[in-house]
Each structure stands twice: as C-alpha cells, then as structure tokens.
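Coordinate inspection notes
As a plain string of letters, each chain reads:
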Amino acid sequence: MLINCAAYQNGKKLGDIRQDEIHNYLSRPGCFVWVALKDSTPDELSEMQVQFGLHELAVEDARQGHQRPKLEEYGDSLFAVVHTVEMAGGELKVGELSIFAGRNYLLSVRNRTEQGFTSVRARTEREPHLLKHGSGFVLYALIDTVVDRYFPVVEGLEDELERLEERMFAGTPSRENIEALYALKQKLTTLKHAAGPLQETTGKLYGGRVPEICAGTQDYFRDVYDHLVRLNQSLDSNRDTVNTALQVNLAMITIGESEVTKRLAAYAALVAVPTMIAGVYGMNFEHMPELKWAWGYPVSLAVMVVLDSYLFYRFRKAKWL
C-alpha cells in the first residue's frame, strides 16, 4: 500500500506526486523523490523497481522479508534492512523496514510494523537545510527513529527485570520465576538480534570510505552509532543480570531443598531416640535388668523426654527446626 510519494528539491518539498510522475522528477538537478510503502505487494515493488532502477537482488530481499539487519551497496545505491521492535501486551512484535537509497530517490518499505514514519517526514521537512543533503539524510532520519524506539522497549524490559528480582525474594514459586526470567531473556535476545547487526551496519556510514549518498551526513550516522553502542551495552548488561538471577533462583531452590532435608533429619532423630529405647525393652529375653523394677516405666519415659528435649534444643539452636 502506498503511504506517501513526494518530490523535494534543494531541501524543500515540491509536493505530493503520482507514481507515474516519478520519472519526471528524477532527472531534475538537486531533486529527489521519497516514496513510502507499507506491506507492499509484489506488483508495487516491481513498479518501483522499474521507476528507480532497483537491483533485482535487493528487490527480492524486500519481497521475501525476514532478512537480517544489513547494509548492501549496489553501484551508487544502498539497500538497508532494519528491524523495528514494538511492545504490545507485554510481548515483542518484530517488524522490518527495507530502505532503498539512491542519488535522487529513497524508497522505504515497512512490513509487520504498526508504527509509521510520518513523524520522520514531518521532522525532515522542518529542516530544509539538512534535507538538502537528499536521500542520505532521510536514510539517517529513518534509522535514527528506529533506534530511538528501541530505548523505551529496553526500559520496559528493565522494569520487568526489577519486578522479577523482587518476586524472587517475596516467596513466589520458583518455577514461575524461572519461566518468567527465561521469557525475559528471550525478549532481550530478540532485541539484541535487531540492534547488534545494526551497530555494525551504521559503522560503515561514517568512518573510512562512506557511500557517496551519505557524504555530508557522517556526523549524524556517528551519533546513531553511539546510541547503538550504549543500547547494546545495556542489553548485554541486562542479559548478564538475567543469567545471574536464574542462577540465584536455582541456588535458592537448592537451599530450600536443603532446609527441608535438615528438618526431616531432625524429626527423624527425635523419633529415633524413643524408638531405640522402646525397642531395647521390647526384646523377648527372660533375664533383662529393670524389667521387674517398679520405677522402670516412668524412668524410661523420663529418659525419652529428656533426650528428645536436649536434641530439640540443639536442633533449634542450629536452626534445623
């Protein structure tokens, strides 16, 4: 579906144009065309391929989707793939933004993404002194917006991690904690798969040899790269924290099982002492001391009580009971 199609010259918008008028503006000096598609059909991509002369391999990647974040050069044009990550109902929804950037055009194709980029178009149009850099600046603005949208997701996952850490020490069943921590680790990994390769991709647009269409915008791409470095460090730190929390949770399970074992051993010892004494006097030997003693029964009971009381005191002191 076509979202927008507009022509710009020297940083100023000339106006919205029809798709069949695109070729009329591509040959104008200082002019470029910006087209935005959402969940495009194969026919729409084929039409854009003809209008802009897109490389067939890049078009095939955009058509098939599910690509790894990357940046590829085809002659004097660029093809970039970035992943969009949105939080919906506590779950992460991953989309894909394919960007074709050439000397006089930029085509963005978003798939499985609810949030649009109309704010990016409005932002760039408010800055004609930067928009005059053409498609290179628009490429930066789109990637920068995608990266900025990662940060609220990371903050939400950090809040979730804090809640889980509190639950661990509040008596919540350990199995529930482990399942929640593992689900959180999967979310962090999903976001890492989006941000990690994008850091490498952005690094190619500001240092050393940069594509011609990005000339003059290196400082902006370096700023995006710095944001991605900070983001990836936060993700790595949170993943390490989740791994530590999983280990602590498993250790708490082991400690809990040890406490149960100690209690069972203590109660078994309390039962074993009177059982032993009763067992001795329950033997069927004819000649045994104290069997005909008048005070034998109460003394035996007293010995049992004294020994069990002493054991109970020692177990309580040792915190086994």
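To keep things clear, this report deals only with the structure shown in the data block.

Rules of the game
- Residues numbered from 1 in each chain as written.
- Predicted model: local features only at pLDDT ≥ 70, side-chain atom pairs only at ≥ 80, totals over all residues.
- Heavy atoms only, no water.
- Pairing = 2+ DSSP bridges.
- Helix = DSSP H or I, 4+ residues; strand = E, 2+ residues; numbered from the N terminus.
- Axes fitted to C-alpha atoms, helices over the stretch in contact; angles between N-to-C directions.
- Buried < 20%, exposed > 50% of the residue type's maximum accessible area, 1.4 Å probe, protein only.
- Arc of directions from axis to C-beta.
- Polar contact = N/O pair within 3.5 Å; in protein donor to acceptor, adjacent residues only side chain to side chain.
- Contact = heavy atoms within 4.5 Å.
- 1 Å grid on protein atoms, 1.4 Å probe; cavity = no way out; pocket = protein on both sides within 12 Å on 5 of 7 lines; lining within 4 Å.
- Points joined across faces, edges and corners; volume = space filled by probe spheres on them.
- Nonpolar A, V, L, I, M, F, W, Y, C, P; charged D, E, K, R; others polar.
- Salt bridge = Lys/Arg side-chain N within 4 Å of Asp/Glu carboxyl O.
- Disulfide = S-S within 2.5 Å.
- Parallel < 35°, antiparallel > 145°, perpendicular 65-115°, else oblique.
- Left-handed = near helix turned anticlockwise from the far one by under 90°.
- Core = buried A, V, L, I, M, F, W, Y, C linked by side-chain atoms within 4.5 Å.

**Topic: the pairing of strand β1 (residues 2-9)**
The pairing of β1 with strand β3 (residues 31-38) spans seven bridges and is classified as antiparallel. Bridged to A7 within β3 is V33. Sheet analysis places β1 next to strand β2 (residues 12-16), joined by four bridges and oriented antiparallel. Bridge pairing in β2 links A6 to D16. Remark: two residues form the turn of the hairpin made by β1 and β2, two consecutive strands paired antiparallel; N10 in that turn has positive phi of roughly 55 degrees.

**A look at the sheet that holds strand β5 (residues 77-88)**
Ordered by their spatial adjacency, seven strands build an open sheet running β2-β1-β3-β7-β6-β5-β4, and the pairing between neighbours is mixed. Only two strands of the sheet have a single neighbouring strand rather than two, namely β2 and β4 (70-74). The mean inter-strand angle of the sheet, taken between neighbouring strand axes irrespective of direction, is 20 degrees.

**A look at the environment of S27**
Looking at the element boundaries, S27 is found in the loop between α1 (22-26) and β3. With relative accessibility at 62%, the residue S27 sits in the exposed group.

**Remarks on helix α3 (residues 56-64)**
Considered for burial, the residues of α3 that qualify are A58, V59, D61 and A62. Axial view of α3: buried residues confined to an arc of 160 degrees, hence all on one face. Turned more than 90 degrees off the buried face of α3, the exposed positions are E56 and Q64. Following α3 by one or two positions, G65 has its phi on the positive side, about 70 degrees.

**Quick word on the side chain of T113**
Relative to the helices and strands, T113 is located in the loop between β7 (105-111) and α4 (118-125). Within the structure, the side chain of T113 is placed 2.9 Å from the side chain of T84, a separation counted as a polar contact. Those residues in contact with T113 that lie beyond four places of it in its chain are K38, T84, E86, G95 and E96.

**As for the layout of surface pockets**
By volume, the largest pocket amounts to about 210 Å³. Contributing to the lining of the largest pocket are 16 residues, with R103, K132, H133, G134 and S135 lying nearest its centre. At the level of elements, β1 and β3 are the ones that each hand at least two residues to the lining of the largest pocket. Broken down by class, the residue content of the lining of the largest pocket amounts to six nonpolar, seven polar and three charged. Roughly 150 Å³ of volume is contained in the second largest pocket.

**A look at the pattern of salt bridges**
One pass over the structure, following the stated rule, counts 14 salt bridges. Note that D39 and K38 form a salt bridge whose closest N and O atoms lie 2.9 Å from each other. We classify K38 as buried; its relative accessible area is 18%. Between E72 and K70 there is a salt bridge, with its nearest N and O atoms 3.3 Å apart. Taking the relative accessible area as the measure of exposure, K70 reaches 16% and is therefore buried. Because the salt bridges share partners, they merge into one network encompassing K13, D16 and E125.

**Considerations on empty space enclosed by the protein**
Enumeration according to the criterion identifies two cavities of 30 Å³ or more in this entry. Its volume calculated, the largest cavity comes out at about 60 Å³. Those elements that place two or more of their residues in the lining of the largest cavity are β5 and α6 (135-168). Across the lining of the largest cavity, the residue classes break down as four nonpolar, three polar and two charged. Taken together, L54, H55, A58, Y74, S77, L78, F79, F100, A101 and Y105 make up the lining of the second largest cavity. Of the residues forming the lining of the second largest cavity, the biggest block, three residues, is contributed by β5. When grouped by side-chain class, the residues that make up the lining of the second largest cavity number eight nonpolar, two polar and no charged.

**Points about the state of the cysteines**
Under the criterion given, the structure shown has zero disulfides. Free of any disulfide, C214 has its nearest cysteine sulfur in C31, 19 Å distant. You can call C214 buried: its relative accessible area is 0%.

**What to know about the packing of helix α8 (residues 218-281) against helix α9 (residues 296-317)**
Direction vectors running N to C along α8 and α9 enclose 160 degrees, while the axes themselves pass 10 Å from each other. With respect to α9, the element α8 is oriented roughly antiparallel. Along this stretch, α8 crosses α9, giving a crossing that reads as right-handed. Taken together, the residues of α9 that come into contact with α8 (itself represented by A266, A269, L270, V273, P274, I277, A278 and Y281) are S300, V303, M304, L307, D308, L311, F312 and F315.

**So, the nonpolar core**
Formed by 54 residues in total, the largest nonpolar core has its most connected members in L139, I143 and Y150. For this core, the elements supplying multiple residues, two or more each, are β1, β3, β5, β6 (91-102), α5 (128-131), α6, α7 (174-203) and α8. A total of 17 residues in this core trace back to one element, the largest contributor, which is α6. Apart from residues lying up to four places away in sequence, L139 is in contact with L78, A80, I99, L106, L205, C214 and F221. By size, the runner-up hydrophobic cluster in this structure holds 24 residues, among which are C5, A7, Y25 and V33.

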